[in-house]
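Descriptive structure summary
Below are the chains, spelled out letter by letter.
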Amino acid sequence: MEAILTPVLLIAAIGFVLAVILTIASKIFFVPVDETVANLRAELPGANCGACGYAGCDDYASALAADPSIGANKCPVGGADVAAKLAEILGVDAGSADPQVAVVMCNGNKDAAKTIMEYQGLMTCKAAKQLYGGLNACSHGCLGLGDCEAACPYGAIKVCNGVAVVDRETCVGCGICAKQCPNSVIRIAPAKNKVVVQCNSKDAGAKTRKACSNGCIACKKCEKVCKFEAIKVEDNHAMIDPEKCKNCGLCAKECPTGAIINMRAKRKPAAPAAPAAEAKKEEA
């Protein structure tokens, strides 16, 4: 009987000592929970996309609790509703929370972009980028293998005819797709802006034209026609200032290649590509 009782008492004593140690440790190392942080975090959507400028929802909640002046409207996924709830918890003004949306700065589809190889490797944009910059003549455009599509948790972006296309009604502007694009073709912009430049090429106009019939050739016609100085051509590429743009669409009408898209109107057809014989002559 004693042979059984001794080890039982020993184990019980060890357990009691460990319990005392853990209790003391929990008191010493206790980290108080900030109720404000917890309440803020509960209202955030949990996408952890980083579009707010912080590492994730936890980081944003902590930063916001420490300094409400950074703004309760930084979460594009939650939008105005979440901004209002965060502001209510903090007792501050929600501010403006304009909806954001992903914009693909490329329309180099299979009908417009010239291919330089038949790619048979790993079917991801990152892998294809490692092989001579990709399968298209334009090294700046959409690679069309769907890294963005695979990463989007909302199903808001699809590869159609060789180029990524955003469903603006579904997109929440989280920026996850933009982070996955090896060519940085995708940017996050205000959803209110309906006129966009769908070209990412920085090459000279002649080179861009040979690579893609939908590309920006830096002719500056858009810049000259804009009444609000909202579009500028820099580094052989047209860029629209979303704060100045009034969505009038004059630049889109003037663009000879259709590189600028007015989503409120029908796309202007691009000028036909040079005949194959003429293209070969120019290359020679």
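All values reported here derive from a predicted model rather than from experimental measurement.

Before going further, it helps to spend a moment on the overall build of the protein chain. For the protein chain, the helix and strand inventory stands at eleven helices and eight strands. For a compact globule of 284 residues, the expected C-alpha radius of gyration is about 19 Å, and the protein chain comes in at 27 Å, more than 25% above that figure. With respect to the three principal axes, the spread of C-alpha positions in the protein chain is 105 × 50 × 30 Å. Counting the 284 residues in the protein chain, one finds 38% classified as buried. Long-range pairs, those at least 24 residues apart, make up 56% of the contacts in the protein chain between residues at least 6 apart in sequence. Entry remark: accessible area of the protein chain is about 16,300 Å², with carbon and sulfur atoms responsible for 57%. Taken together, the 32 basic and 28 acidic charged side chains of the protein chain have centroids lying 11 Å from each other.

What follows is about a nonpolar patch on the surface. A cluster of nonpolar side chains, namely Leu10, Ile14, Phe16, Val17, Leu18, Val20, Ile21, Ile24, Ile28 and Phe29, defines an oily patch on the protein surface of about 1,000 Å² accessible area. Positionally, isoleucine 14 belongs in helix H1 (residues 2–28).

Residues of helix H3 (residues 57–66) that are buried: Cys57, Tyr60, Ala61, Ala63 and Leu64. All buried residues of H3 project into a common sector of 170° when viewed along the axis, lining one side. Residues of H3 that are buried make contact with helix H2 (35–43) and helix H4 (79–90).

In this model, the protein chain carries a mean pLDDT of 89, and residues with pLDDT of at least 70 account for 91%. Confidence over residues 267–284 falls short of pLDDT 50; this stretch has 21 contacts with residues more than four positions distant or in other chains.

What follows covers the side chain of asparagine 262. Note on placement: asparagine 262 falls in strand S8 (residues 260–262). Judged by relative accessible area, which is 12%, asparagine 262 ranks as buried. Filtering out sequence-adjacent residues up to four positions away, asparagine 262 remains in contact with Lys194, Val195, Cys248, Gly249 and Ala252.

Here the focus is a positive patch on the surface. Where like charges cluster on the molecular surface, the positive patch consists of Lys220, Lys221, Lys224, Lys232 and Lys244. As for its placement among the helices and strands, lysine 232 is situated in strand S6 (residues 231–234). Taking relative accessible area as the criterion, lysine 232 reaches 37% and is therefore assigned partly exposed.

For the rest of this paragraph, the subject is the packing of H2 against H4. For the pair H2 and H4, interaxial distance at closest approach is 9 Å and the crossing angle is 170°. As judged from the angle between their axes, H2 and H4 are roughly antiparallel. Here H2 and H4 pass one another in a crossing that is right-handed. In contact with Thr36, Asn39, Leu40 and Glu43 of H2, H4 contributes Val82, Lys85, Leu86, Ile89 and Leu90. A per-class count over the contact of H2 with H4 returns five nonpolar, two polar and two charged.

This next bit is on the pattern of salt bridges. Following the criterion strictly, the structure yields one salt bridge and no others. Between arginine 41 and aspartate 58 there is a salt bridge, with its nearest N and O atoms 2.6 Å apart. One end of the pair, arginine 41, is in helix H2; the other, aspartate 58, is in helix H3, with 17 residues separating them in the sequence. Given the relative accessible area of 25%, arginine 41 is considered partly exposed.

Another aspect to go through is the nonpolar core. Membership of the largest hydrophobic core comes to 22 residues, with the highest contact counts inside it found for Val104, Ile157, Val166 and Ile186. Among the secondary structure elements, those contributing two or more residues to this core are strand S1 (100–104), strand S3 (163–166) and strand S4 (186–190). Ranked by residue count, the leading element in this core is S1, at four residues. Sequence-distant contacts of isoleucine 157, that is, excluding residues within four places in its chain, are made with Val104, Cys148, Glu149, Cys152, Ala164, Val165, Val166, Cys177 and Ile186. Of all hydrophobic cores here, the second largest spans 21 residues; its members include Ile70, Cys75, Val82 and Cys174.

Before going further, it helps to spend a moment on the pairing of strand S7 (residues 237–240). In this sheet, S7 lies alongside S6 in antiparallel orientation, the contact comprising four bridges. Considered in S7, the bridge of isoleucine 231 is made with isoleucine 240. Counting the residues that bridge the hairpin from S6 to S7 gives two residues, and of these aspartate 235 lies at a positive phi of roughly 55°.

What counts, and where the lines are drawn
Just so you know, the residues in each chain are numbered from 1, in the order the chain's sequence is written. With pLDDT at 70 or above as the cut-off, local features in this predicted model cover only qualifying residues; side-chain atom pairs require 80 or more to be listed or tallied, and sums for whole chains, interfaces and linings still use all residues. Side-chain measures here rest on the full set of heavy atoms in the structure, leaving out hydrogens and waters. Where helices and strands are cited, they refer to DSSP runs of H or I of at least four residues and of E of at least two residues respectively, numbered from the N terminus. The globule rule is 2.2 Å times the number of residues to the power 0.38, and the radius of gyration it is compared with is taken over C-alpha atoms. The rule is simple: take the accessible area with a 1.4 Å probe, protein chains only, and divide by the maximum for that residue type; under 20% is buried, over 50% is exposed, in between is partly exposed. Note on definitions: a residue-residue contact is assigned when non-hydrogen atoms from the two residues lie within 4.5 Å. Accessibility throughout is a Shrake-Rupley quantity obtained with a 1.4 Å probe, and a residue counts as covered only by protein chains that appear here. Residues counted as positive are Lys and Arg, residues counted as negative are Asp and Glu, and His and the chain ends are not counted. Charge placement uses NZ in Lys and CZ in Arg. For Asp and Glu, CG and CD serve respectively. Each patch is assembled from residues with relative accessible area greater than 30% and no salt bridge, linking like charges that lie within 9 Å and nonpolar side chains (Val, Leu, Ile, Met, Phe, Trp, Tyr) that lie within 5 Å. When a carboxyl oxygen of Asp or Glu is within 4 Å of a side-chain nitrogen of Lys or Arg, the pair counts as a salt bridge. Within this analysis, the arc is defined by the directions that extend from the helix axis to the C-beta atoms. Confidence of the predictor at the level of single residues is captured by pLDDT, which takes values from 0 to 100. For every element, the axis is a line fit to its C-alpha atoms; helices are fit only across the contacting stretch, and the angle between N-to-C directions ranges from 0 to 180 degrees. In these notes the angle categories are as follows: under 35 degrees is roughly parallel, over 145 is roughly antiparallel, 65 to 115 is roughly perpendicular, and the rest is oblique. Left-handed describes a crossing whose near helix is turned anticlockwise from the far helix through less than a right angle; right-handed describes the clockwise counterpart. Residues are grouped as follows: Ala, Val, Leu, Ile, Met, Phe, Trp, Tyr, Cys and Pro are nonpolar; Asp, Glu, Lys and Arg are charged; every other residue, Gly included, is polar. We call a set of buried Ala, Val, Leu, Ile, Met, Phe, Trp, Tyr and Cys residues a nonpolar core when their side-chain atoms join them within 4.5 Å. DSSP-based pairing: two strands are paired if at least 2 bridges between them are found.

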